[in-house]
Number of protein chains: 2
Amino acid sequence: MKVKNPRTGQYYYEIYPPSAQELKSKTDAMRHAQIAWQNGGIEFRIKALQAWKEVVIEHKEELIDALCMDTGRKWETLLEVDLVASSIDRWSNISSVFFSNTERKTSSIPFLEIEQGLEPYPLVGVISPWNFPLLLSLIDTIPALMAGCTVIVKPSEVTPRFIEVIQKTINQVPDLLNVINYVEGGGEVGSELCKLTDIICFTGSTATGKKVYQAACDNFIPVFLELGGKDAVIVTETADIERATSAILWGSVANAGQSCLSIERIYVQRSIFNQFLSRLVGKANQLNLAYPTMDSGQIGPIISEKQVAIIDHQLEDAFKKGATLKAGVTKCEELGGGFYCRPTVLTNVNHDMKVMTEETFGPILPVMMYSTVEEAITLANGTQYGLSGAVFAGSEEEAMKIARQMKCGAVSINDAALTAVMHEGEKNSFKMSGIGGTRMGPSAIKRFMKQKAYLINSQGVKDPWWFA
Amino acid sequence: MKVKNPRTGQYYYEIYPPSAQELKSKTDAMRHAQIAWQNGGIEFRIKALQAWKEVVIEHKEELIDALCMDTGRKWETLLEVDLVASSIDRWSNISSVFFSNTERKTSSIPFLEIEQGLEPYPLVGVISPWNFPLLLSLIDTIPALMAGCTVIVKPSEVTPRFIEVIQKTINQVPDLLNVINYVEGGGEVGSELCKLTDIICFTGSTATGKKVYQAACDNFIPVFLELGGKDAVIVTETADIERATSAILWGSVANAGQSCLSIERIYVQRSIFNQFLSRLVGKANQLNLAYPTMDSGQIGPIISEKQVAIIDHQLEDAFKKGATLKAGVTKCEELGGGFYCRPTVLTNVNHDMKVMTEETFGPILPVMMYSTVEEAITLANGTQYGLSGAVFAGSEEEAMKIARQMKCGAVSINDAALTAVMHEGEKNSFKMSGIGGTRMGPSAIKRFMKQKAYLINSQGVKDPWWFA
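Presented here is an overview of the structure given in this document. (Residues numbered from 1 in each chain as written. Chains lettered and ligands numbered in written order. Predicted model: local features only at pLDDT ≥ 70, side-chain atom pairs only at ≥ 80, totals over all residues.)

Between its first and last C-alpha, helix α10 (residues 206-218) of chain B extends 18 Å over 13 residues, near the 18 Å set by a 1.5 Å rise per residue. Among the residues making up α10(B), those that are buried are B:Thr206, B:Gly209, B:Val212, B:Tyr213, B:Ala215, B:Ala216 and B:Cys217. Of the surrounding elements, those touching the buried residues of α10(B) are α10 (206-218) of chain A together with β5 (123-127), α9 (187-196), β8 (199-203), β9 (223-226) and β21 (434-435) of chain B. Of the residues flanking the end of α10(B), it is B:Phe220, one or two places downstream, whose phi is positive at about 50°. (Helix = DSSP H or I, 4+ residues; strand = E, 2+ residues; numbered from the N terminus. Expected span 1.5 Å × (residues − 1). Buried ≥ 20, exposed ≤ 12 C-beta atoms within 10 Å, placed from the backbone. Contact = placed C-beta atoms within 7 Å.)

Below you can see the structure in the form of structure tokens.
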């Protein structure tokens, strides 16, 4: 399976997906290794993952190089690699508590007592996307490992170069042998994993997510899906325009908009609309493409060619229906064989346009005017998605009042896309943005453990109390 | 749709399932009513459910009469009706805490704060079975109502007589108008509900559960499935035989074995096998059928004719493969038009027989000898089910050591089927016994609420911290 370089459009890497037979052997070995991994206890697992963290840090440059080749962009890559260490540290700090609370408790029935146990799913499958190849391959994996599961990870076939490096770091930690394995491959390997694992975590598009849900259903296993978003921001007339425009621009164009939680719709109150637009356009025009070098600017390439077609299609649809270009481009540009999209601000947009209702995954900022807060909330809630959103207002109280009415899992208040930097809040996906428990916050680890109750008759009478 | 009386085999009741159009109107009205139900807050909801409890208590006799006609048995009916009140009281006592913990918290990033919100799924669908028609229609419903959801309940078309009575009690509480609705119907109505609701709770057979999972998948909603069981009990050589035989007999024959968590496999250590068997047979022979009247004995009719065929088929299969009858019958008996099965003890059974690996749902007690504890655990874990189980041993420590190795959601220690009487333990279903979060214990309410994170930049600087 050949892989393109997103900066040159050239094939220059090849992956060799395992056969169904090879996957089966691997997962059998992992199920065997899982017993010791679970029985070792949480402190043993923390120690092993801390050891891995040190190896990852030693190989930081090599990992960055591979990820830069995968994605064609640099500063988001640095962020990704740093997040490995911080994620392992965070889970090292908070995981133990889940395993400490197993004392026996009395119940409402005097001679019955309860003890709660936890039983990890032996083998977790993780299918992760190309937009943050390392970060999103680990966001579910680290808590699953802490829970006592083994994890087999299949990153996207679009960005597979880092796999060899990360697997090399795993191989240097003997306690992780067959506890975590990365595999290369596309949809066929993902489909096989749904047959071989006990639970599936998928991050990616809503269309593929539906297929994964179907595969989980066919195999009667639980599934956690983090899918598309069409995050809205509401800017009220009392908002700090300087602050709002800076935050929204970042929230929309970071990683060239290739983030599920990027801001994709901007609703601005009528009385400040022109002022807001002018500052947003001014700031958008200050940003540059990361071309010809990765250090030339902030906006890297569109990583997947399929995404280029979607962005172009949505822009074309918007212009056909009356949108006005205020900054940026009418379609993606090909530069040196790669595709790029400048931060693009649109006005005269409405919900008949795909750019306002379907996920774009590019640095497009459509700005729509509203009159009343009720109207803004209705618009913000008016898509099939519900991942996250944002509100800017003059006071936190005003912003929170609006945020409480937004149908999505996380709302940034006087800031944008904060879930990108803070993983402590617990949030579910609303509507088509996903299915299953929160992947953030301490509760995320609970997804990987079945609860088991020991119900103990401690009285020791000859006949049980209920036998007449 | 005509319904039979399980004691006479005669059609004598008719239900009128709503059309798809009628269901749609009803659920639209419920979605509208949900807003006030949620916004009223938890104390309002507790008050409304307590008011309902009082009405249910007033109509206790009428409800008991209807349920006795539905199921043909009496003392389990009394238990069911009493559990309505105790369930409402239990959830009234423990629900408030989930709504009190919304204060703002600092995060690891100094100028970011977090507030957690909860958002109920507006409309929950409950599809419940015929073995405990009232109890199992409410076990998910009460916490869902406390969470702020509205709930539409479709009980089994096999036992629908109580629906009219329970709906009448609901109609007497104005605050519950369109907050909880019972509907009559079979699989078609259940299938429609999967299209109209935001989340589905199903209790029933594994075969139908798979179809419900598929319907949830098709409609991209979450699902909670409580399905079949084949609960095993392990009796070690140190066990108190008197106690074990009494408890196991009750755990196997209560409700004529028509309970997902009934004991369906008994593994007894070789050295006490004969003594155990003799006491079990002696006690089994003391029980009588609840025929000709409901007060004639402890063992009521087999409620569903389809189940009669399954029990007979498993018995036939067992005898063909060499099982020995020690007490009871070789097939269900027809008496007065209804079908009954006496407590039936089998030996010389093995895992080639359906009676040892498939759900029976009847008062059948197959007893198998084992030599080592490892062998017993392998046998106990050797089916596709993992609902619950039990262990009897001379000490709690000995029993717990075995229980920890059993792959199921709840284990009764020196007792049997304790989940029937104590709903405080949190447990997940293992293997084909189900999918989704615990329906017992305080966590059960969390299934009905999405978590929502408010991520607040409280610093008030001009530019967000991360804008370079």
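After that view, the rundown keeps rolling.
The next point concerns the relation of the copies chain B and chain A. For the pair chain B and chain A, the superposition axis carries a translation of 0.0 Å, the fit reaches an RMSD of 0.0 Å, and the rotation angle comes to 180°. As the rotation angle and translation indicate, the two copies are arranged about a two-fold axis. Counting the interface residues of chain B, we find that 100% of their copies in chain A are interface residues as well, pointing to one common contact surface. (Least-squares fit on C-alpha atoms with pLDDT ≥ 70 in both.)

Residue and element names in this part refer to chain A. Strand order in the open sheet made by the 6 strands is β7-β6-β5-β8-β9-β21, with mixed pairing throughout. Looking at which strands have only one partner, the edges of the open sheet turn out to be β7 (180-182) and β21 (434-435). As paired elements, strand β5 (residues 123-127) and strand β6 (residues 150-154) share 5 bridges and run parallel to each other. Note on β6: the bridge partner recorded for Val126 is Val153. Packing of α10 onto the sheet brings it into contact with β5, β8 (199-203), β9 (223-226) and β21, and relative to β9 it is tilted by some 180°. (Pairing = 2+ DSSP bridges. Axes fitted to C-alpha atoms, helices over the stretch in contact; angles between N-to-C directions.)

Glancing now at unusual backbone geometry. In most cases, non-glycine residues show a negative phi, while peptide bonds are predominantly trans. In this chain, A:Tyr291 is followed by A:Pro292 through a cis amide linkage whose omega measures 10°. With respect to the element layout, A:Pro292 can be found in the loop between α12 (273-286) and α13 (305-320). A positive phi is found at A:Phe220, a non-glycine position, where the angle reads about 50°. Topologically, A:Phe220 is positioned in the loop between α10 and β9. Classification of A:Phe220 as partly exposed rests on a count of 17 C-beta atoms within 10 Å. Even without glycine at this site, B:Ala256 takes up a positive phi of about 55°. Relative to the elements of secondary structure, B:Ala256 occurs in the loop between α11 (241-253) and β11 (263-269).

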